[in-house]
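Residue strings, one per chain:
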Amino acid sequence: MAVYTDINEHDLKAFLAQYDAGELLSYKGIAEGVENSNFLLHTSKFPLILTLYEKRVEKSDLPFFLGLMHHLSERGLNCPLPLPRQDGELLGELSGRPAALISFLEGMWLRKPEAQHCREVGAALARMHIAGEGFELTRPNALSLEGWQILWAKSEARADEVDEGLEAEIGAELDVLATHWPKELPAGVIHADLFPDNVFFLGDQLSGLIDFYFACNDLLVYDLSICLNSWCFEKDGAYNITKGKAMIEGYQSVRPLSAAEIEALPILCRGSALRFFLTRLYDWLTTPAGALVVKKDPLEYLKKLRFHRAVTNASEYGLIA
């Protein structure tokens, strides 16, 4: 569920009056997402998404996120666009939370993506990487090597409660990644969370990318590794090489990978699998019973991590040189 902070009609109308958005006709909470409270508004002018940024999102990061959406949209990427207030600011406050109005993007996310959808996602990701060039604000990736160590330190002592032997396995994995993590690869703005529920389609046509609240500066091909993990595994844990091949081909049709990026892909896939394993593990161990957040099984990403550990060459992901 994605409504952690409730709002009332009186406060919402006062908030809306700060924008050139028309009169409020109706609003309802959107029961998806895990980070923020989201509402769909219908006004006399157009539909809008209202986002209240919860405590897991740093207020100091919001200019980066909102500015990035403007930057990408101006360069032709289909993504939601923050609506400015009448004073020109993109950020306001509602119910004690930082809040923004975002344009409504038509489409639905796919529950069962096929290879052709993965190809479109790969191409859209590459277009985003190119469109991100020249964005002046920067934000380091808080969920990279150093961030993983911090998360692991908070979970390590109880890790074997989730899977026997996990403490030793993940400790060793962190050591390997710290030793072999690539550094001299093309970098820029990445989405960092392009899961299926953050990509909208109209039929089989990709209509846009959403939810840029993990976006940061990092290696571009690391973003592709996140997508391979989130789009190209089946529910039984098996890697679908047909989907992987389509996604990589889609990406390379817009932005060809360098030889060094291709060589680094297996270690980057291990890293992105570990990143989502660790955040899920931390939530699994610390989220109290009855909390609004739905805990996600960390073992899903442990299986993916073990798959990547056995990969010896990027061709095993479907990449054809």
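Here, the structure is the one placed above.
This section reports on the structure supplied with the text. Owing to the predicted nature of the structure, the values given are computational and were not obtained by experimental measurement.

### Let's talk about the nonpolar core
Thought 1: By size, the foremost hydrophobic cluster in this structure holds 85 residues, and its most contacted members are Ile170 and Phe212.
Thought 2: Sort the elements by how many residues they give to this core and helix 8 (residues 259-286) lands first, with twelve residues.
Thought 3: Beyond its immediate stretch of four places on either side in the chain, Ile170 contacts Trp152, Leu274, Phe277, Leu278, Leu302 and Leu305.
Thought 4: In terms of nonpolar packing, the next biggest core, distinct from the first, is built from 16 residues, Ile7, Leu24, Leu52 and Ala99 among them.

### Remarks on the pattern of salt bridges
Thought 1: Summed over the entire model, instances satisfying the criterion amount to 18 salt bridges.
Thought 2: Taking the shortest distance from any N to any O, the salt bridge between Arg306 and Glu169 comes out at 2.8 Å. In this pair, Arg306 is assigned in helix 9 (residues 299-309) and Glu169 in helix 5 (residues 166-180), connecting sequence segments 137 residues apart.
Thought 3: Residue Arg306 is classed as partly exposed on the basis of its relative accessible area of 36%.
Thought 4: Of the residues examined, Glu169 reaches a relative accessible area of 18% and is grouped as buried.
Thought 5: In this structure, the salt-bridge partner of Glu300 is Lys304, at a minimum N-O distance of 3.2 Å. Of the two residues, Glu300 and Lys304 both sit in helix 9, four residues apart, roughly one turn of that helix.
Thought 6: For Glu300, a relative accessible area of 36% translates into the label partly exposed.

Calculation criteria
Residues numbered from 1 in each chain as written. Predicted model: local features only at pLDDT ≥ 70, side-chain atom pairs only at ≥ 80, totals over all residues. Heavy atoms only, no water. Core = buried A, V, L, I, M, F, W, Y, C linked by side-chain atoms within 4.5 Å. Buried < 20%, exposed > 50% of the residue type's maximum accessible area, 1.4 Å probe, protein only. Helix = DSSP H or I, 4+ residues; strand = E, 2+ residues; numbered from the N terminus. Contact = heavy atoms within 4.5 Å. Salt bridge = Lys/Arg side-chain N within 4 Å of Asp/Glu carboxyl O.

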